[in-house]
Amino acid sequence: MIKIEALKNYTIPYCGNKRIQPYGDLVISDGECRKTCKIQDDGAKQYITFNRKRYYVRNAGTLYSPKFVIIGSIEDAASVLRLCNYKVEIQSDTALMVYYKDNGNDHTQVSICDGSRDGYYMIEGRVQNLADWIKRGI
C-alpha cells in the first residue's frame with residue numbers, strides 16, 4: 001500500500017501556462033522506499049507513476065489548501081464520506097468505520113476490496129459502489 005507523505009512545489013496555473021489543473025511533486029512511500037513523483041495530467045484526471053505503476057490522484061482539499069489522495073484508497077473513501085457529513089474513523093490502511101447520521105452507536109465497516117475498479121469497496125459484506133451506497137442513504 002503506497003502512501004502520500006508530502007506535497008512539494010505546488011503550483012496553481014494562471015494565464016500563459018499550458019496546464020489547467022494545479023500540479024506539483026508528491027513524496028510517495030510504500031514502506032520500503034521513498035520517491036518524489038511529478039503529478040501528470042491525463043485529460044481531466046491526474047496521476048503519478050510509482051515503481052512503474054500508474055496511480056490516479058485527486059485533490060480532496062481546497063485549491064489553496066490541497067490534500068492529494070490516491071483514488072481508490074481508504075483516505076479517498078473517507079474524504080467522500082466526510083463531504084456527505086458522515087462521521088468516519090480510519091482503522092487501518094484498508095478499512096474504516098462509518099457511523100450513521102441518526103444514531104452514533106450504529107456503524108458500518110468499509111474496506112478496500114479490489115484496486116482495479118475505482119469507487120468500489122467492500123460494504124455490508126458485498127462489493128458496492130460508494131456513491132450509490134451514499135445515495136441510498138446508509
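Residues numbered from 1 in each chain as written. Predicted model: local features only at pLDDT ≥ 70, side-chain atom pairs only at ≥ 80, totals over all residues. Heavy atoms only, no water.

(A) Just the state of the cysteines, in detail. The tally for this structure, following the rule as stated, stands at zero disulfides. Free of any disulfide, C33 has its nearest cysteine sulfur in C37, 9.0 Å distant. C84 takes part in no disulfide bond, and the closest cysteine sulfur, belonging to C113, lies 19 Å away. (Disulfide = S-S within 2.5 Å.)

(B) View of a nonpolar patch on the surface. On the surface, Y14, L63 and Y64 cluster together to form a nonpolar patch covering roughly 390 Å² of accessible area. For Y14, the position within the fold is in the loop between β1 (3-11) and β2 (23-29). We classify Y14 as exposed; its relative accessible area is 56%. (Patch = residues over 30% accessible without salt bridge, like charges linked within 9 Å, V, L, I, M, F, W, Y side chains within 5 Å. Areas by Shrake-Rupley, 256 points an atom, 1.4 Å probe, with all protein chains shown as cover. Salt bridge = Lys/Arg side-chain N within 4 Å of Asp/Glu carboxyl O. Helix = DSSP H or I, 4+ residues; strand = E, 2+ residues; numbered from the N terminus. Buried < 20%, exposed > 50% of the residue type's maximum accessible area, 1.4 Å probe, protein only.)

(C) How the structure looks around the sheet that holds strand β3 (residues 34-38). Here three strands make up an open sheet; going across it, the order is β1-β2-β3 and the pairing antiparallel. Across the chains shown, the open sheet's two edge strands, defined by having one partner strand only, are β1 and β3. This sheet shows a mean twist of 20 degrees between the axes of neighbouring strands, independent of strand direction. Taken together, the six bridges between β1 and β2 define a ladder with antiparallel strand orientation. Within the sheet, the bridge partner assigned to A6 lies in β2 and is V27. (Pairing = 2+ DSSP bridges. Axes fitted to C-alpha atoms, helices over the stretch in contact; angles between N-to-C directions.)

(D) Focus on helix α1 (residues 74-83). Those residues of α1 that fall on the buried side of the exposure criterion are I74, D76, A77, A78, S79 and L81. Downstream of α1 by one or two residues, N85 has phi in the positive range, about 65 degrees.

(E) Main features of the environment of I4. Mapped onto the fold, I4 is located in strand β1. Of the residues examined, I4 reaches a relative accessible area of 23% and is grouped as partly exposed. When near neighbours in sequence (up to four residues on either side) are disregarded, I4 contacts L26, V27, I28, V57, F68, V69 and I70. (Contact = heavy atoms within 4.5 Å.)

(F) Representation of the side chain of D76 within the structure. Secondary-structure assignment places D76 in helix α1. Of note is the side chain of D76, whose polar atom sits 2.6 Å from the side chain of R58. Beyond its immediate sequence surroundings of up to four residues, D76 is in contact with R58, V69, I70, I71 and Y121. (Polar contact = N/O pair within 3.5 Å; in protein donor to acceptor, adjacent residues only side chain to side chain.)

(G) Summary view of the pattern of salt bridges. Tallied over the entire structure, the rule returns four salt bridges. Two residues, E5 and R34, come together in a salt bridge whose shortest N-O distance is 2.8 Å. Note that E5 is positioned in strand β1 and R34 in strand β3, a separation of 29 residues in sequence. Among the residues examined, E5 registers a relative accessible area of 41% and is labelled partly exposed. What makes R34 exposed here is its relative accessible area of 57%. A salt bridge links R54 to D42; the shortest N-O distance between them is 3.6 Å. Here R54, found in strand β6 (residues 53-59), pairs with D42, found in strand β4 (residues 40-42); they are 12 residues apart in sequence, far enough to count as distant. By relative accessible area, which is 46% here, R54 ends up partly exposed. With a relative accessible area of 34%, D42 lands in the partly exposed category.

Function cannot be read off these values alone, since they describe shape.
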